[in-house]
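The lines below spell out each chain.
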Amino acid sequence: MQWSELEKEVIRCIKCGACQSVCPVFRELKAESTVARGKINLIRAVIRGDVDAAGAGFEERMSWCLMCKACQESCPSGVKLDQLMLAARRKLAEDKGLPLLKRLIFRLGLKNRRLFDLGMSMGSVFQGLVLRPAPGGKGMLPRLPMGLDMRRLVSPVDARPFRSRVPAVVAVDNPRKTVAFFTGCMINYVYPQIGEAVVEVLKRNGVAVVIPADQHCCGTPVYVNGDVPTAVELARATVDTLADLEVDAVITACGSCGAALRKEYAALLADEPGYAAKVAALAAKTKDFAEFLAEVGLTAEMRGLAATATYHDSCHLARSQGVRRQPRQLIAGVPGLTFKELKAPARCCGAAGSFSLAHYDLSRSINDHKVDDIAASGADTVVTGCPMCMMHIRDGMNQRGVAGEVLHTAELLARAYKDEK
Amino acid sequence: MEQAVVAAVKGIVGAEHVLEKYEDRYCYTYDASAVTAGKEGMPALVVYPGSAAEVSALLKLANEHRFPVIPRGAGSNVSGGSIPCAGALVMVLTRLNKIVAIDRKNMVAEVEAGVITADFQTEVEKLGLFYPPDPASKAFSTMGGNVAECAGGPRGAKYGVTRDYVLGLEVVLPTGEIIKTGARTMKCVAGYDLTRLMTGSEGTLGVVTKAIVKLLPLPEAKKTMLAIFDDVEKAAETVAQVFMAGVIPTTLELLDNIYIRNIEAAVNIGLPVEAEAVLLIEVDGDAAVLDKQVGIIARICREQGATEVKVAKDAKEADELWVARRSAFAAVSRVRPTIIGEDCTVPRDKIPEMVRTIRAIADKYNIIIAVLGHAGDGNLHATILTDERDKEEMARVEKAAEEIFAATLAVDGTLTGEHGIGLVKKKYLPLELGEGGMLAMRAIKKALDPNNILNPELV
């Protein structure tokens, strides 16, 4: 791939500047080079020969994007900034290599004390994304070839992965529907309790759940960092595992996994022979947990919850998948609960997967606005549909001393269903 | 720029408010116009001053060391007016972002240059007041930039442009003096009208750091309507007829079929994609008289041949139409990647003739020109849809633009109603001003900016 291949998309940006009013990164950094218009013009400059793509300055600016798609939503020309960012990162990864894990852990983690401290508290998260259990229970191995030697053994995560806690088939009497649950890494390794809540709520509402054992990472973490070959491999594996299942729907409970299965695989696997139909079938079948539940309706009665809850729109759930109404509808339907809308519920929380590891300070200041908004809302419970957002918002509230719980939509509902206090 | 000068600049604004990296500076070689300075016009530094005093100190330094200074707001201007020349210092004024005061009793407000226009409007509207200028870029453009470019907008038909609301300014002159122009009063004839001189001076005569603006009472209500035509000339004819009937609409926007189709593709709200043209009309004011005004306008539209006149039934429908209109300019970039928006303005009764001329010119040069206009004030945005990579076509575009300018001046129009001259139309300005006019302007520039520091390439 040549840089010039991006020109067709790049010149569609008329440089109007509308992206300035919505970009969370620009809001913090203020420099024109950090907003969509600037990044697009830097790619244009590479094509023109004015900027060296091999330079650190260019690569750094291409990394300053949360992929939150706010600019795309406000761009009347319909410039696909996320596709441009991915293409640029892919090109950089091809040209310069991508020692991701090394870069994240050694260069950023160890160099930055605050990040290192966080790394300790988030250790299991990070491992979950990039490590897999080694045979014989001796530790963890890198899940993906992301810069670490694949044979290098590192310390194990504490949590027992979700998929080892539940049976592969959760049956119910007279099921109304049968679904497959794509757990994703965060739920499997870091927040198994979300997975348990998903299964619990579905079960109570007469939905049987199949949890395919051989599912893998959806590929988003590597995809957004430009490692396309690995992402293709993971996407193919996911499609192979899920596309042919005889179920009414494939459920995701992570905004990013859902976006990958429903939207991104089509482009990612466009050149893979024999995959087009399977990708389309999977995309059509995949539904977010909240979306699916709102659609089939709740049949089981809730005990209720005394809480004041608000909702944070995950970028990948709200913008990529268009799921905004359904989670609110479910939350507001909990007896005894008061729902309060945030001022800017759809503004990115700053997590953006590995972005928050690579640019921890920046992701923190973006998150501060979210935390302020939460504090001003008077809610004691923040609900969202993305485990990554949960982790980041929790961290932010903790650091800023803002009290309150952060729950996944499924966890809130599971609580409302719990029989005794 | 010498290291000592760079150090001095950092001493003035603080190192954290200076951008030095190549990639960062490169992103200030363009604005929202179709021109760009590229590598050849790289600024030496980009700085974000935090006060008029810092702006003053920077300009004094510039005079001492003779480097050019390019003031800039959000860079959303479409004239090429904030594009630097090599070695310049780009001065971004977005840190000056305070609404200093909103004086409800006297209906004036004082704002710093970097305040976002739409944010300011929201604040005054909370108090039942109204700041009418509404450039399409208002969600991100700055008040200082609006003053410097004398920005217009769709509401111009009834309410005029930025100039009509600026009572006074704080301006840093090119040599560094901080001056105040005008007053906080509705009337002021003390000395030359420097406020008007500075408003629309495109960053060549001074750096606007603060503005005192006039406010109006927020109109009680408004009604928005869409008149659909099967012929663009019928729509154009209707414009003058509406005013002649004694109704002054807030807005009277003309959109041709190319715009209609592409806006619909962008926002999908059910615009009539088969229509040759639509007029988007809004009236505002006392709720009791709006229905009467809508009735008169609807009657005239039908008499002039409108196939349908629709009145938005609620605020949501009206909002949708406005979202559609605001996305127009960028939406047509779906047709061809490069868009060049002209903003020739003609007397209202010459609009049909001008629309005809623009279409003939498009045919002659075999290029696509979409037409949209704040037709209510004669401001036509002939929008050339092209591809900057096609050199041969770009040559035809250039010729077509020249013919449009000549035709505009031939019917007593002006080269620009609201975008400004900038780098984009610099070479055509003598056509409108004549030799004497140019001399007068250059004399003013020379008097205020003897060393030609401020935005020197523009004059």
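Values in this document were obtained by computation on a predicted structure and should not be read as measured data.

Participant: Help me understand helix α13 (residues 351–365) of chain B in this model?
Facilitator: One full turn of an α-helix is made of 3.6 residues, so residues set three or four places apart face in the same direction. Residue and element names in this part refer to chain B. Helix length check: α13, at 15 residues, gives a terminal C-alpha distance of 21 Å against a target of 21 Å (1.5 Å per residue), a fit within 8%. Considered for burial, the residues of α13 that qualify are I351, P352, M354, V355, I358, I361, A362 and Y365. As for α13, its buried residues are in contact with α8 (232–244), β13 (251–256), β17 (368–374), β18 (379–386) and α14 (391–410).

Participant: I keep staring at the packing of helix α4 (residues 56–63) of chain A against helix α6 (residues 81–96) of chain A and nothing clicks. Help me out?
Facilitator: The description of two helices packed together rests on the angle between their axes and the distance between the axes. All names here are of chain A. Where α4 contacts α6, the two axes come as close as 10 Å, and the packing angle between them is 140°. One finds that α4 runs oblique with respect to α6. Here α4 runs over α6; the crossing is left-handed. Residues F58, E59, M62 and S63 of α4 lie in contact with α6, whose contacting residues are M85, A88, R89, L92 and K96. Of the residues contributing to the contact of α4 with α6, the split by class is five nonpolar, one polar and three charged.

Participant: Sorry, what's going on with the sheet that holds strand β4 (residues 89–92) of chain B here?
Facilitator: Backbone-to-backbone hydrogen bonds pair the strands of a sheet. The strands run either parallel or antiparallel. Residues and elements named next belong to chain B. Taking strand neighbours across the sheet as the criterion, the four strands line up as β1-β2-β4-β3 in an open arrangement whose pairing is mixed. Pairing within the sheet leaves two strands with one partner each, and these edge strands are β1 (18–19) and β3 (69–72). Pairing analysis gives two bridges linking β1 to strand β2 (residues 45–47), with the strands arranged antiparallel. By the bridge assignment for β2, L19 is matched with V46.

Participant: For this particular structure, what's the right way to read the interface of chain A and chain B?
Facilitator: For interface size, the figure often reported is the accessible area lost on association. In this assembly, 32 residues from chain A lie in contact with 36 residues from chain B. Contact between chain A and chain B buries roughly 2,600 Å² in total, counting both sides, with carbon and sulfur atoms accounting for 55%. Linking chain A to chain B there are three salt bridges. Residue E32 of chain A pairs with R72 of chain B through a salt bridge whose shortest N-O separation is 4.0 Å.

Participant: What exactly am I supposed to notice about the sheet that holds strand β9 (residues 338–339) of chain A here?
Facilitator: Residues and elements named next belong to chain A. The four strands are arranged β9-β8-β10-β11 in an open sheet whose pairing can be described as parallel. Of all strands in the sheet, those with a lone pairing partner are β9 and β11 (405–408), marking the two edges. With four bridges joining them, strand β10 (residues 381–384) and β11 adopt parallel strand pairing. Bridging across to β11, V383 finds its partner in L407. Sitting on the sheet, helix α23 (residues 409–417) is in contact with β8 (308–312), β10 and β11, with an inclination near 95° to β11.

Participant: Even after reading the chapter, I still don't get the confidence of the model for chain B, so can you show me in this structure?
Facilitator: Any segment with low pLDDT has predicted coordinates that should not be analysed in fine detail. Here chain B averages 95 in pLDDT, and 100% of its residues register 70 or above. ipTM for the predicted complex: 0.92, alongside a pTM of 0.89.

Participant: Sorry, what's going on with the pattern of salt bridges here?
Facilitator: As a working rule, side chains carrying opposite charge can pair if their charged atoms are close by. For the structure on display, the rule yields 50 salt bridges over all chains. Here R262 of chain A ties to E291 of chain A by a salt bridge, and the two come within 2.8 Å at their closest N and O atoms. Within this pair, whereas R262 of chain A is found in helix α15 (residues 255–268), its partner E291 of chain A is found in helix α17 (residues 289–296), the two being separated by 29 residues in sequence. Of the two residues, R262 of chain A and E291 of chain A, both sit in the buried class. In this structure, K158 of chain B and D284 of chain B form a salt bridge, with 2.7 Å as the shortest nitrogen-oxygen distance. Residue K158 of chain B is found in helix α6 (residues 156–159), and its partner D284 of chain B is found in strand β14 (residues 277–285); the two are separated by 126 residues along the sequence. Members of the salt-bridge network, linked through shared partners, are E110, E170, K180, R184 and K210 of chain B.

Participant: Sorry, what's going on with the nonpolar core here?
Facilitator: Nonpolar side chains in soluble globular proteins tend to be buried together. In this structure, I43, F58, Y265 and F289 of chain A are the most contacted members of the largest nonpolar core, which totals 130 residues. When near neighbours in sequence (up to four residues on either side) are disregarded, Y265 of chain A contacts C218, L234, A235, T238, V239, A260, A270, V279 and L282 of chain A. With 54 residues, the next largest nonpolar core counts A157, F243, V294 and I367 of chain B among its residues.

Participant: Even after reading the chapter, I still don't get the side chain of D31 of chain B, so can you show me in this structure?
Facilitator: For D31 of chain B, the location among the structural elements is in the loop between α2 (22–26) and β2. For the buried D31 of chain B, no salt bridge is present, and the opposite-charge side chain at shortest range is K15 of chain A, 5.6 Å distant. At 2.6 Å, the side chain of D31 of chain B and the side chain of S33 of chain B are in polar contact. At a separation of 3.3 Å, a polar atom in the side chain of D31 of chain B contacts the main-chain amide nitrogen of S82 of chain B. The contact partners of D31 of chain B, leaving out residues within four places of it in the chain, are K15 and R37 of chain A together with R72, G75, N77, G80, G81, S82 and I83 of chain B.

Participant: What am I meant to see in the packing of aromatic side chains here?
Facilitator: Given two aromatic rings, one states the distance between the centres and the angle between the planes to describe the pair. Residues and elements named next belong to chain B. Tallied over the full model, the rule gives seven aromatic pairs over all chains. Judged by centre distance (6.1 Å) and plane angle (75°), the ring pair of Y131 and Y165 falls under edge-to-face. Residue Y131 is located in the loop between β7 (129–130) and α5 (143–149), and its partner Y165 is located in the loop between α6 and β8 (166–172); the two are separated by 34 residues in the primary sequence. Overall, Y131 belongs to the buried group, its relative accessible area being 0%. Among the aromatic side chains, those forming a connected cluster through ring pairs are F120, Y131 and Y165.

Parameters and conventions
- Residues numbered from 1 in each chain as written.
- Chains lettered and ligands numbered in written order.
- Predicted model: local features only at pLDDT ≥ 70, side-chain atom pairs only at ≥ 80, totals over all residues.
- Heavy atoms only, no water.
- Helix = DSSP H or I, 4+ residues; strand = E, 2+ residues; numbered from the N terminus.
- Expected span 1.5 Å × (residues − 1).
- Buried < 20%, exposed > 50% of the residue type's maximum accessible area, 1.4 Å probe, protein only.
- Contact = heavy atoms within 4.5 Å.
- Axes fitted to C-alpha atoms, helices over the stretch in contact; angles between N-to-C directions.
- Parallel < 35°, antiparallel > 145°, perpendicular 65-115°, else oblique.
- Left-handed = near helix turned anticlockwise from the far one by under 90°.
- Nonpolar A, V, L, I, M, F, W, Y, C, P; charged D, E, K, R; others polar.
- Pairing = 2+ DSSP bridges.
- Buried area = accessible area lost by both parts, 1.4 Å probe.
- Salt bridge = Lys/Arg side-chain N within 4 Å of Asp/Glu carboxyl O.
- pLDDT = per-residue confidence, 0-100.
- Core = buried A, V, L, I, M, F, W, Y, C linked by side-chain atoms within 4.5 Å.
- Lys, Arg positive; Asp, Glu negative; His and termini not counted.
- Polar contact = N/O pair within 3.5 Å; in protein donor to acceptor, adjacent residues only side chain to side chain.
- Phe/Tyr/Trp six-rings, centres within 6.5 Å; stacked < 30°, edge-to-face > 60°.

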